[in-house]
Amino acid sequence: MATPQDRGHWGSRLGFILAAAGSAIGLGNIWKFPYIAGENGGGIFVFIYLTCIALVGLPIMIAEILIGRSTQKSPVGAFKTLYKPDSPWVGVGWLGVASAFVILSFYSVVAGWSMHYVYLSLKGVFTVYEPGGTEAVFGQLFANPKVNIFWHVLFMGVAISVVIAGVHKGVERWSEILMPVMLGMLLVMFGSALTMSGFQEAVQFVFSPSTENLTRAGVLEALGHSFFTLSLGMGAMITYGSYLRSKDDAIKSSFLIALFDTGVALLACLVLFPITFTYGMEPSAGPGLVFVNLPIAFSKMPGGSMLATIFFALLSFAALTSAMSLLEVATAYFIDERGWRRSKAVLVTGSIIILLGLPSAMSGTTGFFGTGMSESFIGMSWFELFDYLASNWMLPLGGLGIAIFMAWRVGEKARVAAFTAGTTWGRLYFGWIHLLRYLVPIAVLAVFLHAIGVL
Ligand code: PFF
């Protein structure tokens with residue numbers, strides 16, 4: 001077994017907050033949130049999303065960080081320590097480790113697209129507008145397995161080299177560099193969006209609470225996304241929490257992380273929608289909003305090539321800090337439970353994820369071993385299947401397990417002690433435990449009922 005010294009600790013609370021916010025802020029904020037907000041008509045969807053973050057996401061985040069901090073273990077070991085080594089609760093930890101493999105395998109492919117777009121922007125591909133041009137660019141990329149695999153492997157290589165350096169010298173140090181750079185780039189983009197004629201319309205779109213476009217599916221999508229965006233339900237926050245010391249404030253930190261994550265998601269909307277409206281495009285463009293529509297606008301605007309480079313670089317950085325946490329969850333299992341050295345654990349898990357990502361990297365191709373790789377056995381591409389499984393099933397199920405475990409299985413005395421240790425916000429305990437006991441399980445069950453078509 002690894003000794004506590006091998007596991008490492010954060011150097012400072014700020015380092016932890018930046019790393020955890022780095023995990024939370026990723027493709028989910030800058031790529032996915034704006035397009036699902038666009039598809040759901042903005043306004044009221046955004047309001048519901050904010051409510052889900054505050055009432056469901058935040059309580060689970062606090063629970064995860066407390067579990068990690070009190071056990072000093074990653075998910076599997078944490079459940080073994082808090083309950084019995086052979087209890088079914090350990091399955092929640094296993095599910096978390098499995099989710100890390102599944103999510104990172106396709107996440108890395110999308111991050112690879114983003115890196116490819118940095119390269120294309122630098123090459124000046126988005127300097128002249130041609131009708132249908134950006135669709136063709138994306139289509140070519142999607143259909144080209146070699147290019148997809150190249151960026152996927154490169155992206156994973158970078159994540160591996162950061163995580164291998166350890167919690168303090170790798171993850172924390174790089175988060176301290178990448179997060180301010182990413183935020184600076186986002187603010188530059190925001191500054192440019194402020195000067196656009198479509199800014200007013202965008203603010204209206206994002207914040208006006210018209211209920212016109214509200215659907216039940218939209219409410220549940222907002223709830224499901226709150227898990228993904230805060231990196232909840234798979235033990236990423238348990239793992240990051242396990243590198244805290246017992247006197248570190250988990251409650252204030254959780255609020256800051258959630259606030260940071262939400263701020264960036266809203267800022268991303270206030271960057272993307274002014275561009276969308278100024279250049280006469282539809283906000284409901286779906287997943288192609290960032291990779292097809294946005295480049296059209298970049299190719300029409302003065303200085304667009306530079307803005308495109310900045311935008312896709314910031315998207316790649318955001319994806320990298322999230323990927324570091326996904327890889328850390330998988331790695332920490334082998335370090336904590338199998339006693340492996342960090343270098344071996346990172347290289348083995350990183351290689352497995354690279355292999356697992358190959359079908360996603362080849363999602364746009366047909367003819368692999370004579371069968372269509374674009375379709376998995378249930379008619380979705382591998383890519384969509386992995387995203388669907390993780391976002392709709394694995395994370396909510398993990399979140400439900402964590403909430404029920406913390407609220408109903410851990411003894412009251414131990415739970416109060418964990419909550420109040422190291423914080424001056426102990427009076428929030430009452431609200432937190434009630435949300436975790438009742439609202440969170442009901443909300444997650446609603447996601448499941450929706451997924452199976454009952455709701
Ligand atoms: N929160 C990340 C995003 O919004 O892109 C995705 C993610 C990272 C999910 C880490 C889960 C996780 F453990």
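Here the structure is shown first, and the text comes after it.
Residues numbered from 1 in each chain as written. Predicted model: local features only at pLDDT ≥ 70, side-chain atom pairs only at ≥ 80, totals over all residues. Heavy atoms only, no water.

1. A closer look at the overall build of the chain
Then step 1. Each helix and strand in the chain was counted, giving 19 helices and 0 strands.
Then step 2. Taken over the C-alpha trace, the chain has a radius of gyration of 21 Å; the compact-globule value for 455 residues is 23 Å, and the two agree within 12%.
Then step 3. Intrachain contacts of the chain at a sequence separation of at least 6 include 81% that bridge at least 24 residues.
Then step 4. Of the accessible surface of the chain, which amounts to about 17300 Å², a share of 67% is contributed by carbon and sulfur atoms.
Then step 5. Across the chain, 25 positive and 22 negative side-chain charges occur, with their mean positions spaced 13 Å apart. (Helix = DSSP H or I, 4+ residues; strand = E, 2+ residues; numbered from the N terminus. Rg over C-alpha atoms; globule rule 2.2 N^0.38 Å. Contact = heavy atoms within 4.5 Å. Areas by Shrake-Rupley, 256 points an atom, 1.4 Å probe, with all protein chains shown as cover. Lys, Arg positive; Asp, Glu negative; His and termini not counted. Charge placed at Lys NZ, Arg CZ, Asp CG, Glu CD.)

2. Quick look at the nonpolar core
Across soluble globular proteins, nonpolar side chains show a tendency to be buried alongside one another.
Then step 1. Grouped together as the largest cluster of nonpolar side chains are 169 residues, with contacts concentrated most on Phe 291, Phe 298, Phe 311 and Trp 432.
Then step 2. Residue contacts for Trp 432: discarding those within four places in its chain leaves Pro 59, Ile 62, Ala 63, Leu 66, Met 406, Arg 415 and Phe 419. (Core = buried A, V, L, I, M, F, W, Y, C linked by side-chain atoms within 4.5 Å. Buried < 20%, exposed > 50% of the residue type's maximum accessible area, 1.4 Å probe, protein only.)

3. Some thoughts on helix 16 (residues 342-361)
Then step 1. With 20 residues, helix 16 extends 27 Å between its outermost C-alpha atoms, agreeing within 8% with the 28 Å of an ideal straight helix rising 1.5 Å per residue.
Then step 2. Among the residues of helix 16, those classed as buried are Arg 342, Ala 345, Val 346, Thr 349, Gly 350, Ile 353, Ile 354, Gly 357, Ser 360 and Ala 361. (Expected span 1.5 Å × (residues − 1).)

4. Describing the packing of helix 4 (residues 44-71) against helix 19 (residues 429-451)
Axis angle and axis distance: for two packed helices, these are the angle between their axes and the distance between the axes, and together they describe the pair.
Then step 1. With their axes 9 Å apart at the nearest point, helix 4 and helix 19 run at an angle of 120° to one another. Note on packing geometry: the crossing formed by helix 4 with helix 19 is left-handed. Contact residues: Leu 55, Val 56, Pro 59, Ile 60, Ile 62, Ala 63 and Leu 66 in helix 4; Trp 432, Leu 435, Leu 436, Leu 439, Val 440 and Ala 443 in helix 19.
Then step 2. Looking at the contact of helix 4 with helix 19 residue by residue, the class counts come to 13 nonpolar, no polar and no charged. (Axes fitted to C-alpha atoms, helices over the stretch in contact; angles between N-to-C directions. Left-handed = near helix turned anticlockwise from the far one by under 90°. Nonpolar A, V, L, I, M, F, W, Y, C, P; charged D, E, K, R; others polar.)

5. Considerations on the site of the ligand
Then step 1. Residues in contact with the ligand amount to 15 residues; listed here are only the nearest, Ala 24, Gly 28, Tyr 107, Phe 228 and Met 234.
Then step 2. At 2.5 Å, a side-chain N or O of Tyr 107 approaches an oxygen atom of the ligand.
Then step 3. The contact in question runs from a nitrogen atom of the ligand to an N or O atom on the backbone of Thr 229, over 3.1 Å.
Then step 4. Listing elements by their share of the shell around the ligand, those giving two or more residues are helix 2 (13-24), helix 3 (27-39), helix 11 (216-229) and helix 15 (304-338).
Then step 5. Its residues assigned to classes, the shell around the ligand comprises 7 nonpolar, 8 polar and no charged. (Near = heavy atom within 4 Å. Polar contact = N/O pair within 3.5 Å; in protein donor to acceptor, adjacent residues only side chain to side chain.)

6. Topic: a nonpolar patch on the surface
Then step 1. A cluster of nonpolar side chains, contributed by Leu 449, Ile 452, Val 454 and Leu 455, occupies part of the molecular surface with about 350 Å² of accessible area.
Then step 2. With respect to the secondary-structure elements, Ile 452 resides in the segment after helix 19. (Patch = residues over 30% accessible without salt bridge, like charges linked within 9 Å, V, L, I, M, F, W, Y side chains within 5 Å. Salt bridge = Lys/Arg side-chain N within 4 Å of Asp/Glu carboxyl O.)

7. Considering the side chain of Thr 331
Then step 1. Relative to the assigned elements, Thr 331 resides in helix 15.
Then step 2. Discounting chain neighbours no more than four positions away, the residues touching Thr 331 are Val 163, Arg 342, Ala 345, Val 346 and Thr 349.

8. Some points on the layout of surface pockets
Then step 1. Considered as a void within the structure, the largest pocket measures approximately 660 Å³ in volume.
Then step 2. Looking at the lining of the largest pocket, the elements with two or more residues in it are helix 3, helix 7 (133-142), helix 11, helix 14 (288-300), helix 17 (382-409) and helix 19.
Then step 3. In terms of residue class, the lining of the largest pocket is built from 16 nonpolar, 7 polar and 5 charged. (1 Å grid on protein atoms, 1.4 Å probe; cavity = no way out; pocket = protein on both sides within 12 Å on 5 of 7 lines; lining within 4 Å. Points joined across faces, edges and corners; volume = space filled by probe spheres on them.)

9. Brief notes about the packing of aromatic side chains
Then step 1. On inspection of all chains with the given rule, the structure shows 37 aromatic pairs.
Then step 2. Each ring, one from Tyr 117 and one from Phe 312, has its centre 4.9 Å from the other, and the planes form 55°; the classification is tilted. In this pair, Tyr 117 sits in helix 6 (residues 90-122) while Phe 312 sits in helix 15, placing the two residues 195 residues apart along the sequence.
Then step 3. Following the ring pairs from residue to residue traces out a cluster consisting of Trp 113, Tyr 117, Phe 126, Phe 138, Phe 142, Phe 291, Phe 298, Phe 311 and Phe 312. (Phe/Tyr/Trp six-rings, centres within 6.5 Å; stacked < 30°, edge-to-face > 60°.)

10. Here we look at the pattern of salt bridges
Pairs can form between side chains of opposite charge whenever their charged atoms are close.
Then step 1. In total, this model carries 5 salt bridges according to the counting rule given.
Then step 2. The salt bridge partner of Glu 328 is Arg 342, with a shortest N-O separation of 2.9 Å. Taken together, the residues span a long stretch of sequence, with Glu 328 in helix 15 and Arg 342 in helix 16 at a distance of 14 residues.
Then step 3. In this structure, Glu 412 and Arg 415 form a salt bridge, with 2.5 Å as the shortest nitrogen-oxygen distance. Of this pair, Glu 412 and Arg 415 both sit in helix 18 (residues 412-420), separated by 3 residues, roughly a single helical turn.
Then step 4. Of the residues examined, Glu 412 reaches a relative accessible area of 43% and is grouped as partly exposed.

11. A closer look at empty space enclosed by the protein
Then step 1. Applying the stated rule across the entire model yields 3 cavities of 30 Å³ or more.
Then step 2. For the largest cavity, the lining is made up of 16 residues, of which Ser 23, Tyr 107, Phe 228, Ser 231 and Leu 326 are closest to its centre.
Then step 3. Of all elements in the fold, only helix 2, helix 3, helix 6, helix 11 and helix 15 reach the threshold of two or more residues within the lining of the largest cavity.
Then step 4. Element by element, the count of residues in the lining of the largest cavity is highest for helix 15, at 3 residues.
Then step 5. Its residues placed into classes, the lining of the largest cavity shows 9 nonpolar, 7 polar and no charged.
Then step 6. Roughly 60 Å³ of volume is contained in the second largest cavity.
Then step 7. Considering the residues around the second largest cavity, the lining is formed by Leu 27, Gly 28, Trp 31, Lys 32, Phe 106, Tyr 107, Val 110, Phe 228 and Asp 387.
Then step 8. Among the secondary structure elements, those contributing two or more residues to the lining of the second largest cavity are helix 3 and helix 6.

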